[in-house]
Amino acid sequence: MIPSYDPNDTEAGLKLLEDLTTNAEAIQQQVLHQILSQNSGTQYLRAFLDGESDKNLQSFRNKVPVVNYDDIKPFIQRIADGESSDIVSAQPITELLTSSGTSAGKPKLMPSTAEELERKTFFYSMLVPIMNKYVNGLDEGKGMYLLFIKPEIKTLSGLMARPVLTSYYKSQHFRNRPFNKYNVYTSPDQTILCQDSKQSMYCQLLCGLVQRSHVLRVGAVFASAFLRAVKFLEDHYKELCADIRTGTVTSWITDSCRDSVLSILNGPNQELADEIESECAEKSWEGILRKLWPKAKYVEVIVTGSMAQYIPTLEFYSGGLPLVSTMYASSECYFGINLNPLCDPADVSYTLLPNMAYFEFLPVDDKSHEEINFASHSNTDDEDALKEDLIVDLVNVEVGRYYEIVITTFTGLYRYRVGDILKVTGFHNKAPQFRFVQRRNVVLSIDTDKTSEEDLLNAVTQAKLNHLQQPSSLLLMEYTSYADTSSIPGHYVLFWELKPRYSNDPPKLDDKTMEDCCSEVEDCLDYVYRRCRNRDKSIGPLEIRVVSLGTFDSLMDFCVSQGSSLNQYKTPRCVKSGGALEILDSRVIGRFFSKRVPRWEPLGLDS
Ligand code: AMP
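Residues numbered from 1 in each chain as written. Predicted model: local features only at pLDDT ≥ 70, side-chain atom pairs only at ≥ 80, totals over all residues. Heavy atoms only, no water.

A.B. asks: Can you break down the overall build of the protein chain residue by residue, with the values?
C.D. replies: When you go through the protein chain residue by residue, the secondary structure sums to 21 helices and 20 strands. Rg of the C-alpha trace for the protein chain: 25 Å, near the compact-globule value of 25 Å for 607 residues, within the 12% margin. Taken over the C-alpha atoms alone, the protein chain extends approximately 75 × 75 × 45 Å along its principal axes. In the protein chain, which comprises 607 residues, the share counted as buried stands at 56%. With an accessible surface of roughly 25100 Å², the protein chain has 48% of that area assigned to carbon and sulfur atoms. Of the charged side chains in the protein chain, 63 are positive and 81 negative; the average position of the first set lies 3 Å away from that of the second. (Helix = DSSP H or I, 4+ residues; strand = E, 2+ residues; numbered from the N terminus. Rg over C-alpha atoms; globule rule 2.2 N^0.38 Å. Buried < 20%, exposed > 50% of the residue type's maximum accessible area, 1.4 Å probe, protein only. Areas by Shrake-Rupley, 256 points an atom, 1.4 Å probe, with all protein chains shown as cover. Lys, Arg positive; Asp, Glu negative; His and termini not counted. Charge placed at Lys NZ, Arg CZ, Asp CG, Glu CD.)

A.B. asks: Please give an account of the site of the ligand that cites residues and values.
C.D. replies: For the ligand, the set of nearby residues contains 17 residues, the closest of which are Ser-100, Thr-304, Met-327, Ser-331 and Asp-420. One of the side-chain N or O atoms of Ser-331 is found 2.6 Å from an oxygen atom in the ligand. The side chain of Tyr-350 places a nitrogen or oxygen atom 3.0 Å from a nitrogen atom of the ligand. Its free accessible area being 500 Å², the ligand has 89% of it covered by the protein chains. Looking at the shell around the ligand, the elements with two or more residues in it are β1 (95–103), β9 (327–329), β15 (416–428) and β16 (431–439). Ranked by the residues each element gives to the shell around the ligand, the list is headed by β9, at three residues. (Near = heavy atom within 4 Å. Polar contact = N/O pair within 3.5 Å; in protein donor to acceptor, adjacent residues only side chain to side chain.)

A.B. asks: Break down the pattern of salt bridges for me, with residues and values.
C.D. replies: Oppositely charged side chains are able to pair whenever their charged atoms sit close together. As enumerated under the stated definition, the model contains 30 salt bridges in all. The partner of Glu-277 in a salt bridge is Arg-245, with the nearest N and O atoms 2.8 Å apart. Taken as a pair, Glu-277 in helix α13 (residues 270–281) and Arg-245 in helix α11 (residues 223–246) lie far apart in primary sequence, 32 residues in all. Of the charged contacts in the structure, one is a salt bridge between Lys-512 and Asp-516, with a shortest N-O distance of 2.6 Å. Pair noted here: Lys-512 and Asp-516 are both in helix α18 (residues 511–524), with a separation of four residues, about one helical turn. Residue classification places Asp-516 among the partly exposed residues on the basis of a relative accessible area of 24%. (Salt bridge = Lys/Arg side-chain N within 4 Å of Asp/Glu carboxyl O.)

A.B. asks: How would you explain the sheet that holds strand β5 (residues 160–162) if you had to name every residue and give the values?
C.D. replies: Taken in spatial order, the four strands of this open sheet run β2-β1-β5-β4, and their pairing is mixed. Here the strands that pair on one side only, and so sit at the sheet edges, are β2 (106–112) and β4 (153–154). Pairing analysis gives three bridges linking β1 to β5, with the strands arranged parallel. Directly across from Leu-96, in β5, lies its bridge partner Ala-161. (Pairing = 2+ DSSP bridges.)

A.B. asks: Which residues make up the sheet that holds β16, and what values do they have?
C.D. replies: The eight strands are arranged β9-β10-β11-β16-β15-β14-β12-β13 in an open sheet whose pairing can be described as antiparallel. Each edge of the open sheet carries a strand with a single partner, namely β9 and β13 (392–393).

A.B. asks: Could you give an account of the pairing of strand β19 (residues 543–547), with specific residues and numbers?
C.D. replies: A large share of β19 lies buried, amounting to five of its five residues. Where burial is concerned, the two faces of β19 agree: the one with Glu-543, Arg-545 and Val-547 and the one with Ile-544 and Val-546 are both buried. Taken together, the five bridges between strand β18 (residues 491–500) and β19 define a ladder with parallel strand orientation. Bridging from a neighbouring strand, Leu-494 pairs with Ile-544 of β19. Judged from the five bridges that link them, β19 and strand β20 (residues 588–593) form a sheet pairing that is antiparallel. From the neighbouring strand, Ile-544 faces β20, where its bridge partner is Phe-592.

A.B. asks: Provide a residue-level description of the environment of Tyr-185, including the pertinent values.
C.D. replies: Relative to the elements of secondary structure, Tyr-185 occurs in the loop between α8 (172–175) and α9 (189–192). Sequence separation between Tyr-185 and Ser-519 is 334 residues; the distance between their C-alpha atoms is 40 Å. Not counting chain neighbours up to four residues away, the residues in contact with Tyr-185 comprise Lys-142, Gly-143, Tyr-145, Phe-174 and Arg-177. (Contact = heavy atoms within 4.5 Å.)

A.B. asks: Lay out the packing of helix α10 (residues 197–210) against helix α12 (residues 258–265) in plain terms, naming residues and giving numbers.
C.D. replies: Between α10 and α12, the least distance of the axes is 10 Å, while the angle of their chain directions is 15 degrees. Classed by the angle they form, the pair α10 and α12 counts as roughly parallel. With respect to the hand of their crossing, α10 and α12 are arranged in left-handed fashion. Contacts from Cys-203, Leu-206, Cys-207 and Val-210 in α10 reach Val-261, Ile-264 and Leu-265 in α12. Broken down by class, the residue content of the contact of α10 with α12 amounts to seven nonpolar, no polar and no charged. (Axes fitted to C-alpha atoms, helices over the stretch in contact; angles between N-to-C directions. Parallel < 35°, antiparallel > 145°, perpendicular 65-115°, else oblique. Left-handed = near helix turned anticlockwise from the far one by under 90°. Nonpolar A, V, L, I, M, F, W, Y, C, P; charged D, E, K, R; others polar.)

A.B. asks: With reference to specific residues and values, describe the pairing of strand β7 (residues 298–302).
C.D. replies: Among the five residues in β7, five count as buried, and that is most of the element. Pairing geometry for strand β6 (residues 215–222) and β7, over four bridges, is parallel. The residue bridging Gly-219 from the neighbouring strand is Glu-300, located in β7. Judged from the two bridges that link them, β7 and strand β8 (residues 323–324) form a sheet pairing that is parallel. Counted as the bridge partner of Glu-300 is Val-324 from β8. You can see the chain leave β7, run along helix α15 (residues 311–318) and come back into β8, and the turn it takes is right-handed. (Right-handed = clockwise from strand over helix to strand, strands pointing away.)

A.B. asks: Could you give an account of the nonpolar core, naming the residues involved and the relevant values?
C.D. replies: Counting 157 residues, the largest nonpolar core has Phe-226, Trp-293, Ile-337, Phe-359, Phe-361, Ile-405 and Trp-496 as its most contacted members. Looking at this core element by element, the count peaks at twelve residues for α11. Not counting chain neighbours up to four residues away, the residues in contact with Phe-359 comprise Gln-28, Cys-333, Phe-335, Leu-352, Leu-353, Pro-354, Asp-393, Leu-394, Ile-405, Val-406 and Ile-407. (Core = buried A, V, L, I, M, F, W, Y, C linked by side-chain atoms within 4.5 Å.)

Shown next, in the form of structure tokens:
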């Protein structure tokens, strides 16, 4: 079922892609058939289907429910605690992947199998012929990809729980990958696999700089990580150049990857160090990527979804190099690839590969992107039955419509709502192409964090209760938020309108109280936010900007002038750049930052 071809053979890769997309419908049916045949004996499916004989599409659709994470969490927790994999999967669950989506403040755990690593390897291999189709000569140099691993832990049963990319980079599939002339990296594997992210970053940048004349493309997985690397370079270029000049590696690199870096340095290089240092010493870093890596043809980073906020900064540094978003994937499943990689970031669509999982689509409201009120579509009030009526499979989605993606995987997820909202933009052969619209219920995101309106409300409420009422006696009249990515790393900004409880005077703002509020909000945000702040340093200190009384009335006037209905007006809990932000920013009377890093500990896997 997992096709293979020689990744050095571009023609064969493109042909395979044509076959997969042309036969999308038949392949989807085979995928579902295979998943159900394999897993009909699992506890999960036995609860809904009548075993071996009951595995057709209609039974599946009528009997297996569409679920959210909280519905399946108990099953996954039992596996984490040591019960047999066959609760959900006939194939052994070999590890749990910690998603950046959270449930009750902790990362969601997604089951995975040995075979799934093969599927991912296949998926990555499909990216190669597509890039080759659009960019010549990628076999004549290297890619400077800044890739990192994150902490992992063992569950009670000894299963590993870790992020999907950590799992992949540590696997034999990555480490023992066959040589592929189109995918030669500047970073030795040892530097990617270095546990200490600061040492890893330093070493990878050093290797990328030393080999700058061979670098044909640069990148990272997400735009946020790539920009962090640019900032790191800004802070460390002198030290990096000193190492290149002397042919040594700075003393704080103590990880065992040090030797692999030394062998790439291969002795002192005064001239190269001087060239790099003089570029980096320029006052403006506009176009720095082109200057440092003059043969680079593009920057490969995901800039769709919440990462689109980084496009202007990336464009500034890249000096016009194309920004390429190659793929759309998650801990649950790898979904699709961008068949037109050099297109404008705003036009990126992903074509789902029909052999990765069985895909279904729950229509959502085209304007609000919220779940359709199913009851309005029929006179019965059985919501689940109505949902089943509206859900469509891969080849039957309609161009222009919005859907939430629902997946049935080879790894034990059945009709699982991923939480991503996609818009159908067209078809490649019979396979639909989707623009990533947004994550359901996410208002703020800087890196891999995903903060919902509800998370934000809970955190703000906690800060208000603990710090505003006593002793300052301030009322929080209104609030909204903004993801500020104008500096690296970006940070959350909360706009608060505060009023003294007993007067209409401007509030007296005490630094300590307000800083405590910032810290309290951070303490209450979820595990992934706190990990980004504490361990990864990929999010900066949270800021509260207090605005003058009446600001939120002006915000409402503005929103209404832009077409919001006054009757239904709700304060937006997050603003993007533009007029709304200008209104808020022009009325700021105090700015406060969190003065300490929120608590975070590696995952505890209690139920
Ligand atoms: P995780 O499970 O932590 O790997 O996060 C996966 C989620 O990241 C997806 O469900 C999407 O919400 C988001 N994501 C992944 N790839 C993309 C992409 N190419 N564009 C936009 N969002 C993406």
